[in-house]
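Chain by chain, the residues:
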Amino acid sequence: KAGVTQTPRYLIKTRGQQVTLSCSPISGHRSVSWYQQTPGQGLQFLFEYFSETQRNKGNFPGRFSGRQFSNSRSEMNVSTLELGDSALYLCASSLAQAALNTEAFFGQGTRLTVV
Amino acid sequence: AQSVTQLDSQVPVFEEAPVELRCNYSSSVSVYLFWYVQYPNQGLQLLLKYLSGSTLVESINGFEAEFNKSQTSFHLRKPSVHISDTAEYFCAVSGATGGGNKLTFGTGTQLKVEL
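This write-up is about the structure you can find in this document. (Residues numbered from 1 in each chain as written. Chains lettered and ligands numbered in written order. Predicted model: local features only at pLDDT ≥ 70, side-chain atom pairs only at ≥ 80, totals over all residues. Heavy atoms only, no water.)

Along chain B, the regular secondary structure elements total 0 helices and 12 strands. Reading the helices (α) and strands (β) of chain B from amino to carboxyl end gives β-β-β-β-β-β-β-β-β-β-β-β. Rg of the C-alpha trace for chain B: 14 Å, near the compact-globule value of 13 Å for 115 residues, within the 12% margin. Its C-alpha atoms give chain B principal-axis dimensions of about 45 × 30 × 25 Å. Across the 115 residues of chain B, 48% fall into the buried class. When contacts within chain B are restricted to residue pairs at least 6 apart in sequence, those whose partners lie at least 24 apart make up 56%. With an accessible surface of roughly 5600 Å², chain B has 50% of that area assigned to carbon and sulfur atoms. (Helix = DSSP H or I, 4+ residues; strand = E, 2+ residues; numbered from the N terminus. Rg over C-alpha atoms; globule rule 2.2 N^0.38 Å. Buried < 20%, exposed > 50% of the residue type's maximum accessible area, 1.4 Å probe, protein only. Contact = heavy atoms within 4.5 Å. Areas by Shrake-Rupley, 256 points an atom, 1.4 Å probe, with all protein chains shown as cover.)

In structure tokens:
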């Protein structure tokens, strides 16, 4: 069974640009969550999608958005990039519906560098 | 609201020595606890989880953690570490208002195993 696939693995963007990251969950998983990892703030929850609906959202500005498609693949978009958006963006997929106790499987992440 | 505290940012230890990585949590709802490991330039891998039942949980590579409700702790232990255990370890609690999947992570503990 293939794991969680994130593309691209590495990305360099300029301040003010926008970026789209992609995540393909494990087959059969319908929940996709996104996390931002930085040395200063650690791992922070961005949002979660389930069956194409955003179910939870973290404390990030509106420049951060996401969506999920009918095949459960998800994208996240960051507009008007700032230097502080440089981070490792991790996607996690879960089988769960509303339960809180389901294991999350993580992709290898997309390393975004904003210059 | 939930939070996780990992008391040690770095733990150096010699190979074959025992190690304990500390984790304390706070949560106002039922608790599901996880330990994840992250190797350089990689995503997160689940090490072990506590969902319910026995308070002592074990991983396939010799790690164990004990859920202690009275002390709100979920410390990770290994009786004899190997050089390959060098990595960053994250404790996490699961939960979100209204259901769904959201992990709140601690700040991580860098385990460095030395010869």
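This brings us to the environment of Gln68(A). All names here are of chain A. Secondary-structure assignment places Gln68 in strand E7 (residues 64–68). Residues Gln68 and Tyr49 lie 19 residues apart in sequence; the distance between their C-alpha atoms is 6.4 Å. Non-local contacts of Gln68, meaning those with residues more than four positions away in its chain, are made with Arg30, Val32, Tyr49, Phe50, Ser51, Glu52, Thr53, Arg73 and Ser74. Polar contacts involving the side chain of Gln68 include one to the main-chain amide nitrogen of Phe50, which spans 3.4 Å. For Gln68, the side chain forms a polar contact with the main-chain nitrogen of Glu52, separated by 2.9 Å. (Polar contact = N/O pair within 3.5 Å; in protein donor to acceptor, adjacent residues only side chain to side chain.)

Distances and angles like these do not, on their own, reveal function.
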